[in-house]
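One-letter residues, chain by chain:
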Amino acid sequence: MKEKEIEKILVDEVKRLGGRAYKWASPGNDGVPDRIVILPDTRVIFVELKTDTGVLSPLQKIQIDRLKKLGQWVEVVKGIRGVKMFFQDLGYMDTTSRIATRYNLE
């Protein structure tokens, strides 16, 4: 599955939960995470999306480290299984089940 497809699934599920998943473009700051996810009753989460085999670039590692040093919540989500785990870790079990069923994940 392409990164763009994984990103769309994340965005759609965040919206379904009443949240926002803003695309983050920061001129002069290449390597920032792909999305800023805001869900009801939780902290802001910066999300970098990758395919199952995708790897972080050195610049992405630097940007993620900078955000973490500022006390920010940053998640690297790899593939559709990573999207499922993202929502599972946040306690959204209905979303987790929906993704697992839709994409035949065990």
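Here, the structure is the one placed above.
The text that follows walks through the structure, step by step, so that each part is easy to find. (Residues numbered from 1 in each chain as written. Predicted model: local features only at pLDDT ≥ 70, side-chain atom pairs only at ≥ 80, totals over all residues. Heavy atoms only, no water.)

Some words on the packing of aromatic side chains
Where we set the bar: When two rings of Phe, Tyr or Trp (its six-membered ring) have centres within 6.5 Å they constitute a pair, described as stacked for plane angles under 30 degrees, edge-to-face for angles over 60, and tilted for the intermediate range.
Scanning the entire structure with this criterion turns up three aromatic pairs. Ring centres 5.2 Å apart and planes at 80° place the aromatic pair Phe-86 and Phe-87 in the edge-to-face group. Here the aromatic rings of Phe-87 and Tyr-92 are separated by 6.5 Å at their centres, their planes lie at 75°, and the arrangement is edge-to-face. Feature note: the residues Phe-86, Phe-87 and Tyr-92 constitute an aromatic cluster, connected by ring pairs.

Concerning the sheet that holds strand E4 (residues 73–78)
What counts is decided by this rule: In this analysis, strands are considered paired if DSSP registers two or more bridges between them. A helix here means a DSSP run of H or I that spans at least four residues, while a strand means a run of E at least two residues long, and both kinds are numbered starting from the N terminus. Orientation is described by lines fitted to C-alpha atoms, with helices fitted over the stretch in contact, and by angles between N-to-C directions that extend from 0 to 180 degrees. Contacts are assigned to residue pairs with any non-hydrogen atoms lying within 4.5 Å of each other.
Strands sit in the order E1-E2-E3-E4 across an open sheet of four strands; the sheet is mixed. Every interior strand has two partners, whereas the edge strands, strand E1 (20–23) and E4, have only one. Put simply, the sheet's adjacent strands are angled 30° from each other on average, direction ignored. Pairing geometry for E1 and strand E2 (residues 35–38), over four bridges, is antiparallel. Within E2, the position partnered with Lys-23 by the bridge is Arg-35. In the packing of helix H1 (residues 3–16) onto the sheet, contacts are made with E1, E2 and strand E3 (45–50), and the angle to E3 comes to roughly 150°.

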